[in-house]
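Residues per chain, in single letters:
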Amino acid sequence: MLMRKVPGFVPASPWGLRLPQKFLFLLFLSGLVTLCFGALFLLPHSSRLKRLFLAPRAQKPGLELVAEVAGHPPPGRQEPPRNPALGARSNRLNPRRKKERLRRPGPTEQETVSDSLPRFDFKAFQSRLRHPVLGTRTESTEPQSPVRAQREKIKEMMRFAWDNYRRYAMGKNELQPITKDGYQGNIFGGLSGATVIDSLDTLYLMGLKEEFQEATAWVENDFHLNVTGEASLFEVNIRYVGGLLSAFYLTGQEVFRIKAIKLGEKLLPAFNTPTGIPKSVVNFKRERKPAISGLKPLKPKPKPEKWGWATAGGSSVLAEFGSLHLEFLHLTELSGNQVFAEKVRKIRRVLRQIKKPFGLYPNFLSPVTGNWEQHHVSIGGLGDSFYEYLIKSWLMSAKTDTEAKDMYYKALEAIETYLLNVSPGGLTYIAEWRGGILDHKMGHLACFSGGMIALGAEDAKEEKRAHYRELAAQITRTCHESYARSDTRLGPEAFWFTSDREAVASQPSESYYILRPEVVESYMYLWRQTHDPVYREWGWEVVTALEKYCRTSAGFSGIHNVYSKVPSHDNRQQSFFLAETLKYLYLLFSEDDTLSLEDWVFNTEAHPLPVKHLDGSGGAGHPH
């Protein structure tokens, strides 16, 4: 009515709107209706509005997944109880990861790497073994005997060590049993789980199936290689690469092969030297990405190396670059990549060509000049496993690597000529040599040499074989004396031979025992060669001493002073205790065809690697 009173206003219709105005109004109304209905079907989280307009229908599997990801159980289905072990991990899913679960899953990194690797015929490999991996005698057929009871005791020790590691330190490198927590350290460059990797083959050997599956699951799900620290090339190789290779050859599970090869690739930068002799330390740190396109990547600044034995004037250590051969040849075997074999063959060529003082191999070599840095020779620390890998390379090649054989026996002759001594009390030992002057001591690490010499005796010249067997026995007896002359019946880190004392440590800094394996390693080899019961007797003495002085409420620990019956623990359950010490003790009380020496060689961390048999005449033929 008000509009009609306005002068000059003439209504065009009963509603007071002209035709163009009506058209615009209808156009606006239709747009509003379209927008409203579009909101019902196109906007997210509109399922409640849809139910007002759409009849209910059967839900498709894809919609069930949508409902679950949105945090609601699908209609007609109760939400299953949450697994406590997975709760923390599933709660950490962010919205982006939740959306990714809707996508079609692509191949995992493991699948991608596996597809690019050459096929490995695991059944054919097993058929070439001369003996079943775990021997012919099983627990169900073996009668009760004192030896079986002793072996079961060692198995119980392994289970105890593993269970406490899993409880207090799973994923850390080692267990600290006194404080009941884990120790990580920095020697592995950020890699974790050294005890897991070191334990795999021991758990498998002892038939601890549930524990082995736990370790395998950790490797598959939680062992990550994207680390950026500085690591000992030697330690990562013998523990991680060796442990993964061994686990693969025992089980055929691809996860072990893939991770061994990928980790091996991360070690290759250590070989970037003028001589091809690798540095002792490998830097896992990746190059930084350039901030501006076109600029070269910024290389990380080098940090000082952290370990005393790896920093002697920038030298490389004989026992470290000389203990890669076994693992790297198997990396080439499993990957098809010849670079691994080429790296260690280059080391071999350098060592063959370099002049050696009196035929001896000093412990330090410059990776830049290829010259010896110091004339310090030792069969213990810094030198030990170089000699071990020579004879084992010969054996692992099915006795075709004549170069390794030749180098080993020549080195052994020089050692016998210049380092071998007999004390006034009749104990045979291998001294250390410093530019022609002898230190009349042996380290615990040198006690592996009895087993090494026994292992190589069979392939020596015929007139030398009996001599080497006797020499191996005498050195092993000396190392046993270092145990027998302590109050705990455990051996010190080093022991001397002087006018007033023999086979005992001379100072407190040499009196500790850190669960080392070298003495029982030699017992195992001498037992298999001679079956002299004394080696099992000596081995059982070690078991008894470990139980009395090193076992704690939460694992095994080294002790600071073997000459005190009141143990002071060092709070470390070394990973090599599970890899080596307990394995060698278990094999000492096992049949000879359990990990037969015809089929396997042990790397210097006691991880078994197979002999490369050249034919298929083996009789094992079946998996375990």
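Just so it is clear, the structure is predicted and the values come from calculations on it, not from any experiment. (Residues numbered from 1 in each chain as written. Predicted model: local features only at pLDDT ≥ 70, side-chain atom pairs only at ≥ 80, totals over all residues. Heavy atoms only, no water.)

Thoughts on the sheet that holds strand β5 (residues 316-317)
If you trace the three strands from one edge of the open sheet to the other, you get β5-β6-β7, paired in antiparallel fashion. Each edge of the open sheet carries a strand with a single partner, namely β5 and β7 (372-374). As paired elements, strand β6 (residues 364-365) and β7 share two bridges and run antiparallel to each other. Bridge pairing in β7 links Phe 364 to Gln 374. (Pairing = 2+ DSSP bridges. Helix = DSSP H or I, 4+ residues; strand = E, 2+ residues; numbered from the N terminus.)

Thoughts on the confidence of the model for the protein
Mean pLDDT over the protein stands at 84; residues scoring 70 or higher make up 76%. Contacts for the low-pLDDT stretch residues 1-15, under 50 throughout, to residues beyond four places or in other chains number six contacts. pLDDT under 50 marks residues 43-107. Its contacts with residues more than four places away, or in other chains, come to 30 contacts. (pLDDT = per-residue confidence, 0-100. Contact = heavy atoms within 4.5 Å.)

Section: the nonpolar core
Residues Leu 191, Val 219, Phe 223, Tyr 387 and Leu 546 are the most contacted members of the largest nonpolar core, which totals 156 residues. If near-sequence neighbours (up to four positions away) are discounted, Tyr 387 is found in contact with Leu 318, Tyr 361, Val 377, Ser 378, Ile 379, Tyr 408, Ala 411, Ile 415 and Met 452. (Core = buried A, V, L, I, M, F, W, Y, C linked by side-chain atoms within 4.5 Å. Buried < 20%, exposed > 50% of the residue type's maximum accessible area, 1.4 Å probe, protein only.)

Examining the sheet that holds strand β13 (residues 441-443)
Within the open sheet, the three strands sit side by side as β13-β14-β15. Their pairing is antiparallel. Where the open sheet ends on each side, the last strands, each with one partner, are β13 and β15 (502-504). Across the sheet, the axes of successive neighbouring strands diverge by a mean angle of 20°, strand direction being ignored. The sheet contact formed by strand β14 (residues 494-497) and β15 spans two bridges and is antiparallel. Residue Phe 497 lies in a different strand from β15, and its bridge partner there is Glu 502. Here helix α19 (residues 462-484) sits on the sheet in contact with β13, β14 and β15, set at roughly 110° to β14. (Axes fitted to C-alpha atoms, helices over the stretch in contact; angles between N-to-C directions.)

Comments concerning the packing of aromatic side chains
The tally for this structure, following the rule as stated, stands at 32 aromatic pairs. Judged by centre distance (5.7 Å) and plane angle (5°), the rings of Phe 223 and Tyr 240 are stacked. Taken together, the positions of Phe 223 in the loop between α10 (209-222) and β3 (230-232) and Tyr 240 in helix α11 (residues 233-251) put the pair 17 residues apart, joining distant regions of the chain. Here Phe 223 matches Tyr 240 in class, with each residue buried. Ring centres of Phe 386 and Tyr 387 lie 5.0 Å apart, and the angle between their planes is 70°; on these two criteria the pair is classed as edge-to-face. The exposure classification of Phe 386 matches that of Tyr 387, with both residues buried. A cation over an aromatic ring shows up here: Arg 551 above the ring of Phe 160, its NZ or CZ 3.8 Å from the ring centre. Cation over ring: Arg 572 sits above Tyr 183, and NZ or CZ is 4.0 Å from the ring centre. (Phe/Tyr/Trp six-rings, centres within 6.5 Å; stacked < 30°, edge-to-face > 60°. Lys NZ or Arg CZ within 6 Å of the ring centre and 35° of its normal.)

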